[in-house]
Amino acid sequence: METIVGGELRRVLKNRPCNAYNSDLKIAINEEKYRYAEASVICGPVEYFDENPEAAKNPVLIVEVLSESSESYDRGEKFKKYRQIPTFREYVLIEQRFPLVEVFLK
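As the structure is a computational prediction, the values presented were derived from the model and not from experiment. (Residues numbered from 1 in each chain as written. Predicted model: local features only at pLDDT ≥ 70, side-chain atom pairs only at ≥ 80, totals over all residues. Heavy atoms only, no water.)

A word on the overall build of the protein chain
- When helices and strands are tallied, the protein chain shows three helices and nine strands.
- Listing every helix and strand of the protein chain by position from the N terminus yields α-β-β-β-β-β-β-β-α-α-β-β.
- For the protein chain, whose C-alpha radius of gyration is 13 Å, the value lies close to the compact-globule estimate of 13 Å for 106 residues.
- Taken along its principal axes, the extent of the C-alpha atoms in the protein chain is 40 × 35 × 25 Å.
- Residues classed as buried in the protein chain amount to 42% of the 106 residues present.
- Look at the contacts in the protein chain between residues 6 or more apart in sequence, and 44% of them connect residues 24 or more apart.
- Summing over all exposed atoms, the protein chain offers an accessible surface of approximately 6300 Å²; the carbon and sulfur share of this is 51%. (Helix = DSSP H or I, 4+ residues; strand = E, 2+ residues; numbered from the N terminus. Rg over C-alpha atoms; globule rule 2.2 N^0.38 Å. Buried < 20%, exposed > 50% of the residue type's maximum accessible area, 1.4 Å probe, protein only. Contact = heavy atoms within 4.5 Å. Areas by Shrake-Rupley, 256 points an atom, 1.4 Å probe, with all protein chains shown as cover.)

Right, dumping it as C-alpha cells:
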C-alpha cells in the first residue's frame, strides 16, 4: 500500500513545488523526537533541526495506512504528536481492511 500511496503522491505533485516522501523519511515532532509515516509531503526544501538533522520538521501532509495493530496509535497518540508540527496541515488515514480514506485538516 505504501508504494502505491507514495507513487500516486509523486504523480500528482509532478511539476509542483512539493515533493512526496516514503516511510524512510523521519518526521520531527520536535528537536528530540521523531516518528515514521507511510508517506508525507513537504513543500519547498526539507528543513531539519540542528539537534536532529535526519528528521524533517516541515511536512504539510502526512499519510498513515492503518492496520489492526497500529490503528489506535495512529488515530490517537501519533496524531496528537503530529499536530505539534507547525507546518502540518493535513492527515490522511487509509484503511487497508475495507474501502475507507479519512482526511483531517488542521
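Structural notes on the environment of Leu13
- Counting through the fold element by element, Leu13 comes out in helix α1 (residues 2–13).
- Residues Leu13 and Val41 lie 28 residues apart in sequence; the distance between their C-alpha atoms is 9.1 Å.
- Each residue touching Leu13, except ones within four places of it in the same chain, is listed here: Cys18, Asn19, Ala20 and Val41.

Structural notes on the nonpolar core
- Core analysis: the largest hydrophobic core is formed by 14 residues, its most contacted members being Ile27, Ile62, Tyr82, Ile85, Phe88 and Tyr91.
- When sequence neighbours within four positions are dropped, the list of residues in contact with Tyr91 reads Ile62, Glu64, Asp74, Phe79, Tyr82, Glu102, Val103 and Phe104. (Core = buried A, V, L, I, M, F, W, Y, C linked by side-chain atoms within 4.5 Å.)

Quick notes on the side chain of Asn58
- For Asn58, the location among the structural elements is in the loop between β6 (52–56) and β7 (61–66).
- A distance of 2.9 Å separates a polar atom in the side chain of Asn58 from the backbone nitrogen of Glu47.
- Apart from the residues lying within four places of it in its own chain, the contact partners of Asn58 are Ile42, Cys43, Pro45, Val46, Glu47 and Thr87. (Polar contact = N/O pair within 3.5 Å; in protein donor to acceptor, adjacent residues only side chain to side chain.)

What to know about the state of the cysteines
- Applying the stated criterion across every chain, the model contains one disulfide.
- Put simply, Cys18 and Cys43 are joined by a disulfide, and their sulfur atoms are 1.9 Å apart. Taking the torsion about the sulfur-sulfur bond, which here is approximately 95°, the covalent link between Cys18 and Cys43 counts as right-handed. Of the two residues, Cys18 is situated in strand β1 (residues 18–21) and Cys43 in strand β4 (residues 39–43); the sequence distance between them amounts to 25 residues.
- A residue is classified by how much of its surface remains accessible, and Cys18, at 13% relative accessible area, is buried.
- Classification of Cys43 as partly exposed rests on a relative accessible area of 31%. (Disulfide = S-S within 2.5 Å.)

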